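Listed below, chain by chain, are the residues.
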Amino acid sequence: MSKKIIVLGGGASGMCAAIYAARNGADVTIIEKNDQLGKKLSMTGNGRCNLSNLDMNEKMYNASAEKRMKQWLSVYGVLDVINFFKSLGIVIKSEDGYLYPVSGQAATVVDAFKNELKRLGVEVIFGQQGKRVEIVEEDGVKKYKVVTNVASFIADRVIIAVGSYAGAKSTMSTGDGYYMCQQLGMTIKETHPALVGFKCDDDEILPENGVRCTAEISFLLGNEAIATEYGELQLTKDGISGIPVMQASGKVEKFLSEGKPIYASINFFPDYDDEDYSSLVKEMMRFRDDRTLLEFLNGYHNSNVNEMVIRRTKMGRTMKMKNISESMVDSILSNYREYKIKLKESFGYEKAQVTSGGVSLGDIRDDMTTKVHDGIFVVGELVDVDGRCGGYNLQWAFTSGSIAGTVASL
Ligand SMILES: Cc1cc2nc3c(=O)[nH]c(=O)nc-3n(C[C@H](O)[C@H](O)[C@H](O)COP(=O)(O)OP(=O)(O)OC[C@H]3O[C@@H](n4cnc5c(N)ncnc54)[C@H](O)[C@@H]3O)c2cc1C
């Protein structure tokens, strides 16, 4: 007899689990709190859905998950994701290894999931919030009772795929799963917003108009760099963000939330080594002429970065370069090498792409069943697995979802 499976949550991992289970002949129902499936999935990759990455390995995930990820990726890796999408009729392309649907539209990915769920006869119940899972017995057989705010449902297996705290309010990311899993006896590792930008200290001078530029950014706790990243940095009057900031954010947020003082140190000339940079500075000395400081700097870097530097050095922008000493020019230009900004706090879960922490890996077996109950599976971001930017989090949603869906149906 086919297994009755309830999937709580119709996001990336839940829909994937439902498809694998239904393809194996299971009788699957998705219970989704929102009024639509895959709301967050439709927002991914700036609406383009960066669904995985050819540069795939366990090092792309939080250190505590690396060992387990190696095993999971060997069971269901990037090629499996590509084949899965082929089976949904979605053509994938690589942009420097980053995988997207050729359509360039995350909405088409969500539609493909919906079509396949419909084709497989998966029932979807919208607008019900899963509250808890209880263990019951029916005719001497262990079953699971999923209780929602409206009704209750009996199943042979339950896959909890309700996501995390991260994402806009419309994604319904309210972290219900942490409570649900804790009630079932699982351990929840402390959660933090990750893949997120930061607000800066109120006294920091930030560009009114915003800047996007390539930079290297190190995050300092005292003199120690806790993370260093390279890429397109975004500076706005609200704070700092962009890929290099997001990549480091998991580590940085943890320290900030403990009240530790963290500085971002920005190198606006990341492609110069120290020797190249000092030659550049020497070369610039020949422009100590009639031009103003602002004119001089506008030949040097982005005008909005220059405004920040000028305001920090407290020098008049109309000051003639010939009246500024070499050592002063040297000191002004050193700002472009190491511009330190004190951070205040992250932009929080609503702006974060993922949540670090979650259901402890110690409670999850390799087949995604939980150690507390064989018939309960936990998948996706709810688990203590978070990846770097670049398709790694969706890869995890599909890896964990596919394994759980397959195993649950057996
Ligand atoms: C703006 C943004 C952009 C992103 N871009 C990328 C990207 O390009 N590449 C990438 O790899 N990752 C990206 N991510 C991360 C990625 O979207 C998530 O890691 C992934 O969607 C997690 O899948 P999930 O199934 O675990 O959770 P979700 O996709 O959040 O799905 C959980 C589902 O459960 C439902 N739910 C919640 N609570 C309940 C409840 N109590 N009962 C029933 N249903 C419930 C929710 O409504 C939701 O539909 C992005 C995230 C954001 C916010």
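Given the structure is predicted, the values throughout are model-derived calculations rather than measurements. (Residues numbered from 1 in each chain as written. Predicted model: local features only at pLDDT ≥ 70, side-chain atom pairs only at ≥ 80, totals over all residues. Heavy atoms only, no water.)

## Describing the nonpolar core
Membership of the largest hydrophobic core comes to 78 residues, with the highest contact counts inside it found for Phe-85, Phe-113, Ile-160 and Phe-398. Ignoring sequence-local partners within four residues, the contact set of Phe-398 consists of Ala-12, Cys-16, Leu-51, Tyr-76, Val-81, Phe-85 and Phe-113. Core analysis: the next-biggest nonpolar cluster, separate from the first, contains 46 residues, Leu-256, Tyr-277, Met-284 and Leu-333 among them. (Core = buried A, V, L, I, M, F, W, Y, C linked by side-chain atoms within 4.5 Å. Buried < 20%, exposed > 50% of the residue type's maximum accessible area, 1.4 Å probe, protein only. Contact = heavy atoms within 4.5 Å.)

## Quick notes on the side chain of Ser-164
Topologically, Ser-164 is positioned in the loop between strand E10 (157–160) and helix H6 (176–183). Here Ser-164 falls in the buried class, since its relative accessible area comes to 0%. A distance of 3.0 Å separates the side chain of Ser-164 from the backbone nitrogen of Ala-166, its partner in a polar contact. Side chain to side chain, Ser-164 and Thr-355 meet in a polar contact 3.1 Å long. (Helix = DSSP H or I, 4+ residues; strand = E, 2+ residues; numbered from the N terminus. Polar contact = N/O pair within 3.5 Å; in protein donor to acceptor, adjacent residues only side chain to side chain.)

## Digging into the packing of helix H1 (residues 12–23) against helix H5 (residues 106–119)
Pairs of packed helices are described in terms of their axes, by the angle between the two and the distance that separates them. Contact geometry for H1 and H5: axes closest at 10 Å, N-to-C directions at 30 degrees. By the angle between their axes, H1 is roughly parallel relative to H5. Once H1 is placed against H5, the crossing between them reads as left-handed. Together, Met-15, Cys-16, Ala-18, Ile-19 and Arg-23 of H1 and Phe-113, Glu-116 and Leu-117 of H5 make up the contact between the two elements. Looking at the contact of H1 with H5 residue by residue, the classes come out as 6 nonpolar, no polar and 2 charged. (Axes fitted to C-alpha atoms, helices over the stretch in contact; angles between N-to-C directions. Parallel < 35°, antiparallel > 145°, perpendicular 65-115°, else oblique. Left-handed = near helix turned anticlockwise from the far one by under 90°. Nonpolar A, V, L, I, M, F, W, Y, C, P; charged D, E, K, R; others polar.)

## Brief notes about the pattern of salt bridges
As enumerated under the stated definition, the model contains 28 salt bridges in all. The closest approach of N and O atoms between Asp-290 and Lys-322, which form a salt bridge, is 2.6 Å. Within this pair, whereas Asp-290 is found in the loop between helix H8 (274–284) and helix H9 (293–298), its partner Lys-322 is found in the loop between helix H10 (303–313) and helix H11 (326–334), the two being separated by 32 residues in sequence. With relative accessibility at 46%, the residue Lys-322 sits in the partly exposed group. Put simply, Arg-317 and Glu-307 hold a salt bridge, and the shortest N to O gap is 2.4 Å. Residue Arg-317 is located in the loop between H10 and H11, and its partner Glu-307 is located in helix H10; the two are separated by 10 residues in the primary sequence. In this structure Glu-307 comes out as partly exposed when scored by relative accessible area, which is 25%. A cluster of three or more residues bridged by salt bridges with shared partners is formed by Arg-23, Glu-116 and Arg-119. (Salt bridge = Lys/Arg side-chain N within 4 Å of Asp/Glu carboxyl O.)

## What to know about the sheet that holds strand E4 (residues 92–95)
Taken in spatial order, the 3 strands make up an open sheet running E3-E5-E4, and their pairing is antiparallel. The open sheet is flanked by strand E3 (52–53) and E4, the only strands paired with a single partner. When E3 meets strand E5 (residues 98–101), the two strands line up antiparallel, connected through 2 bridges. Looking across to E5, one finds that Ser-52 is bridged to Leu-99. (Pairing = 2+ DSSP bridges.)

## Some details on the environment of Phe-198
Along the polypeptide, Phe-198 turns up in strand E12 (residues 198–200). Considered as a pair, Phe-198 and Met-246 are 48 residues apart in the sequence and their alpha carbons are 8.9 Å apart. The contacts of Phe-198, once residues within four sequence positions are left out, are Asp-238, Gly-239, Ile-240, Val-245, Ser-249, Val-252, Glu-253, Leu-256, Leu-343, Glu-345, Ser-346 and Phe-347.

## Thoughts on the domain arrangement of the chain
Looking at the assigned domains, one finds that the chain contains domain 1 (4–193 + 355–409) and domain 2 (198–346). In this structure, domain 1 and domain 2 have C-alpha centres spaced 40 Å apart. Counting residues at the interface gives 4 residues for domain 1, matched by 8 residues for domain 2. Across the domain 1/domain 2 interface, buried area totals approximately 620 Å², and carbon plus sulfur atoms make up 49% of it. Among the residues of domain 1 in contact with domain 2, His-192, Arg-388 and Cys-389 are the three that bury the most area, contributing 71% of the side total. Our count for the domain 1 to domain 2 interface comes out at 1 salt bridge. Its salt-bridge partner being Arg-388, residue Glu-229 comes within 3.1 Å of it at the nearest N-O pair. Linking domain 1 to domain 2 there are 3 residue pairs in polar contact (both at pLDDT 80 or more). Classifying every residue of the side of domain 1 that touches domain 2 gives 2 nonpolar, 1 polar and 1 charged. (Domains from an automatic or database assignment. Buried area = accessible area lost by both parts, 1.4 Å probe.)

## Some points on the packing of aromatic side chains
Under the criterion given, the structure shown has 21 aromatic pairs. Each ring, one from Tyr-165 and one from Tyr-178, has its centre 4.9 Å from the other, and the planes form 35 degrees; the classification is tilted. Here Tyr-178 lies in helix H6 and Tyr-165 lies in the loop between E10 and H6, a separation of 13 residues in the sequence. Among the residues examined, Tyr-165 registers a relative accessible area of 28% and is labelled partly exposed. Here Tyr-178 falls in the buried class, since its relative accessible area comes to 4%. Considering the side-chain rings of Tyr-300 and Tyr-336, the 5.2 Å spacing of their centres and the 85 degrees angle between planes classify their relative orientation as edge-to-face. A residue pair is termed long-range when its members are at least 10 positions apart, and Tyr-300 in the loop between H9 and H10 and Tyr-336 in the loop between H11 and strand E17 (339–346) qualify at 36 residues. In this pair, the class of Tyr-300 matches that of Tyr-336, namely buried. (Phe/Tyr/Trp six-rings, centres within 6.5 Å; stacked < 30°, edge-to-face > 60°.)

## Some words on helix H4 (residues 78–87)
Looking at H4, one finds that the buried residues are Val-78, Val-81, Ile-82, Phe-84 and Phe-85. Across the axial projection of H4, the buried residues extend over an arc of 160 degrees, all falling on one side. Seen from the buried face of H4, the exposed residues on the opposite side, beyond 90 degrees, are Leu-79 and Lys-86. Where H4 is buried, its residues touch H1, E3, E4, E5, H5 and helix H12 (392–409). Immediately beyond the C-terminal end of H4, within one or two residues, lies Gly-89, with a positive phi of roughly 85 degrees. (Arc of directions from axis to C-beta.)

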